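Analysis of the macromolecular model
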Amino acid sequence: MRNRNFSSGETAPDGNAQERLGNASRKPQRITITVSHYVHEALVEESLTQGRSLSNLASFWLEQQAELARRRSS
């Protein structure tokens, strides 16, 4: 199975995750996701409470989960 190189859009036959994501972590990357109605409502409500954009809050939530996953794998 070929791995996707997120920084260049090319595929690498055996590149590890650290190598593939190395360049991607240097600048923000745009993604599109679909979330459930419940998650969307929670994001909207919390973004209004915190006075921040929906996009900024979603990014923050994802960053928190990525950090937790990184800690678990260490």
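Whatever comes next refers back to the structure up there.
Residues numbered from 1 in each chain as written. Predicted model: local features only at pLDDT ≥ 70, side-chain atom pairs only at ≥ 80, totals over all residues. Heavy atoms only, no water.

Here we come to the packing of helix 2 (residues 37-50) against helix 3 (residues 54-73). Relative orientation of the contacting elements helix 2 and helix 3 amounts to 110 degrees, with a least axis distance of 9 Å. When the axis of helix 2 is compared with that of helix 3, the two are roughly perpendicular. Two secondary-structure elements touch here, helix 2 through His-40, Ala-42, Leu-43, Val-44, Glu-46, Ser-47 and Gln-50 and helix 3 through Leu-54, Leu-57, Ala-58 and Trp-61. Its residues assigned to classes, the contact of helix 2 with helix 3 shows seven nonpolar, three polar and one charged. (Axes fitted to C-alpha atoms, helices over the stretch in contact; angles between N-to-C directions. Helix = DSSP H or I, 4+ residues; strand = E, 2+ residues; numbered from the N terminus. Parallel < 35°, antiparallel > 145°, perpendicular 65-115°, else oblique. Contact = heavy atoms within 4.5 Å. Nonpolar A, V, L, I, M, F, W, Y, C, P; charged D, E, K, R; others polar.)

Here the focus is the pattern of salt bridges. Tallied over the entire structure, the rule returns two salt bridges. A salt bridge links Glu-67 to Arg-70; its shortest N-O distance comes to 2.5 Å. Separated by three residues within a single helix, Glu-67 and Arg-70 lie in helix 3, roughly one turn from each other. Glu-67 sits in the partly exposed class, given a relative accessible area of 28%. A single salt-bridge network, built from bridges that share partners, covers Glu-67, Arg-70 and Arg-71. (Salt bridge = Lys/Arg side-chain N within 4 Å of Asp/Glu carboxyl O. Buried < 20%, exposed > 50% of the residue type's maximum accessible area, 1.4 Å probe, protein only.)

The subject of this paragraph is a nonpolar patch on the surface. Judged by side-chain polarity, Ile-31, Ile-33, Val-35, Tyr-38, Val-39 and Leu-62 come together as a nonpolar surface patch covering roughly 600 Å² of accessible area. In this structure, Ile-31 sits in the loop between helix 1 (17-22) and helix 2. (Patch = residues over 30% accessible without salt bridge, like charges linked within 9 Å, V, L, I, M, F, W, Y side chains within 5 Å. Areas by Shrake-Rupley, 256 points an atom, 1.4 Å probe, with all protein chains shown as cover.)

Now for helix 2. In this model helix 2 runs 20 Å from its N-terminal to its C-terminal C-alpha over 14 residues, within 8% of the 20 Å that 1.5 Å per residue would give. Where helix 2 terminates, the next one or two residues include Gly-51, which has phi positive at roughly 70 degrees. (Expected span 1.5 Å × (residues − 1).)

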